[in-house]
Amino acid sequence: MTPMEVLRAEHRLIERGLDVLEALAGRVARNMSLAPEPPRQIHAFLRDFADGIHHAKEEQELFPSLLDHGAERQGGLVQMMLAEHADGRAYVREIGETVTLGLTSDESRERFVVAARAYADMLRHHIVKEDQALWPLAERLLPAEAMAELDRRFTAHAESNAAARAQWERVIDRLIAELFRTPRTAAAG
Ligand SMILES: [Fe+2]
Ligand SMILES: [Fe+2]
């Protein structure tokens with residue numbers, strides 16, 4: 001996979017995580033009972049995979065290369081992405097605090113719902129901007145040698161993060177299966 005294909009694939013996993021986050025927010029908003037594990041797990045996924053692996057790789061590897069090759073003259077998209085990563089960290093901290101409080105009081109439940117919905121909405125738009133504008137810009141701006149260097153660095157990340165990535169895919173698969181399983185209907189006849 002090219003570096004851009006790697007980032008796109010990670011976006012698809014993050015979007016599935018956001019599906020889980022929004023489903024949990026919907027349940028909390030409707031005062032449904034909730035086991036403590038799913039909110040803890042989705043918070044850990046957002047902190048350790050979406051931010052700790054994906055955003056960190058964008059910030060440490062891709063964005064500096066883009067800025068080195070003139071991206072700041074293309075409408076400030078990299079600066080916008082950095083600002084949105086920072087906003088996202090504040091939302092994830094807020095989600096983490098409310099999850100630690102146990103989502104037992106009206107106040108912590110309300111804070112969780114507001115932060116979860118705002119984060120999911122912001123990050124979905126952020127992902128669209130990267131997929132539709134920033135990655136095509138990177139493919140235009142970066143010369144072959146810079147793209148090859150990025151490829152080497154992404155391969156090193158992939159090797160060190162392979163186990164974590166596989167573990168997060170299993171966690172998200174399981175949460176989606178739990179939250180979105182359709183009730184079995186009685187067989188006709
Ligand atoms: Fe990003
Ligand atoms: Fe991204």
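Coordinates for the structure precede this section.
The rules behind each value
Residues numbered from 1 in each chain as written. Chains lettered and ligands numbered in written order. Predicted model: local features only at pLDDT ≥ 70, side-chain atom pairs only at ≥ 80, totals over all residues. Helix = DSSP H or I, 4+ residues; strand = E, 2+ residues; numbered from the N terminus. Buried ≥ 20, exposed ≤ 12 C-beta atoms within 10 Å, placed from the backbone. Contact = placed C-beta atoms within 7 Å. Core = buried A, V, L, I, M, F, W, Y, C linked by C-beta atoms within 7 Å. Expected span 1.5 Å × (residues − 1). Bend = angle between axes of the 7 residues up to and from the residue. Axes fitted to C-alpha atoms, helices over the stretch in contact; angles between N-to-C directions. Parallel < 35°, antiparallel > 145°, perpendicular 65-115°, else oblique. Left-handed = near helix turned anticlockwise from the far one by under 90°. Nonpolar A, V, L, I, M, F, W, Y, C, P; charged D, E, K, R; others polar.

*Asks:* Quick question: what am I supposed to make of the overall build of the protein here?
*Replies:* Each helix and strand in the protein was counted, giving five helices and zero strands. Sequence-ordered secondary structure for the protein, helices as α and strands as β, is α-α-α-α-α. Referenced to the eigenvectors of the C-alpha coordinate spread, the extents of the protein come out at roughly 60 × 45 × 30 Å. Of all 189 residues assigned to the protein, the portion counted as buried reaches 29%. A separation threshold of at least 6 residues defines the contact pool for the protein, and within that pool the share at least 24 residues apart is 80%.

*Asks:* What am I meant to see in the nonpolar core here?
*Replies:* Across soluble globular proteins, you tend to see nonpolar side chains buried next to one another. Of all hydrophobic cores here, the largest spans 27 residues; its most connected members are Leu-21, Ile-95, Ala-116 and Tyr-119. Contributions of two or more residues to this core are made by α1 (3-29), α2 (37-68), α3 (77-101), α4 (106-141) and α5 (144-180). Considering every element that reaches this core, the biggest residue donor is α4, with eight residues. Leave out the neighbours within four places in its chain, and Ala-116 touches Leu-21, Glu-22, Leu-24, Ala-25 and Ile-95. By size, the runner-up hydrophobic cluster in this structure holds 13 residues, among which are Phe-63, Val-78, Leu-134 and Ala-138.

*Asks:* Explain α1 to me, please; I cannot follow it from the model alone.
*Replies:* Structural remark: α-helix, 3.6 residues per turn; residues separated by three or four positions point the same way. The first and last C-alpha atoms of α1 sit 38 Å apart over 27 residues, in line with the 39 Å expected at 1.5 Å per residue. Residue Asn-31 follows α1 closely and has a positive phi angle near 60°.

*Asks:* Can you help me understand α2 in this one?
*Replies:* Taking 1.5 Å of rise per residue, 32 residues should cover 46 Å, and α2 covers 43 Å from first to last C-alpha, within 8% of that figure. For α2, the principal kink sits at Leu-62 and spans about 35°; a proline, Pro-64, occurs within the next four residues. One or two steps after α2, the chain reaches Gly-70, where phi turns positive at roughly 90°.

*Asks:* Looking at this structure, how should I read the environment of Met-1?
*Replies:* By the secondary structure assignment, Met-1 is in the segment before α1. With 12 C-beta atoms packed within 10 Å, Met-1 lands in the exposed category. Distance from Met-1 to Thr-155, taken between C-alpha atoms, is 9.4 Å for residues 154 residues apart in sequence. Beyond its immediate chain neighbours, meaning those up to four positions away, Met-1 contacts Val-6 and Ala-9.

*Asks:* Looking at this structure, how should I read unusual backbone geometry?
*Replies:* Trans is the prevailing form of peptide bonds, just as negative phi is the prevailing case for residues other than glycine. In this model, Asn-31 sits at a positive phi of 60°, which is unusual for a non-glycine residue. One can find Asn-31 in the loop between α1 and α2.

*Asks:* Can you walk me through the packing of α1 against α4 in this structure?
*Replies:* The geometry of a pair of packed helices is captured by two quantities: the angle between their axes and the separation between those axes. Taken N-terminus to C-terminus, the directions of α1 and α4 make an angle of 160°; their axes are 9 Å apart at the nearest point. As far as their axial angle goes, α4 and α1 are roughly antiparallel. Viewed along their axes, α1 and α4 form a crossing whose handedness is left-handed. The class makeup of the residues in the contact of α1 with α4 is 17 nonpolar, one polar and eight charged.

*Asks:* Is there a simple way to think about the packing of α1 against α5 in this case?
*Replies:* One way to put it is that α1 packs onto α5 with a least axis distance of 10 Å and a crossing angle of 25°. As the angle between them shows, α1 and α5 are arranged roughly parallel. The two elements α1 and α5 meet at a crossing, and its hand is left-handed. Touching Pro-3, Val-6, Leu-13, Arg-16, Gly-17, Asp-19, Val-20 and Ala-23 of α1 are Met-147, Leu-150, Asp-151, Phe-154, Trp-168, Glu-169, Ile-172, Leu-175, Ile-176, Leu-179 and Phe-180, all from α5. Here the residues of the contact of α1 with α5 are counted per class, giving 14 nonpolar, one polar and four charged.

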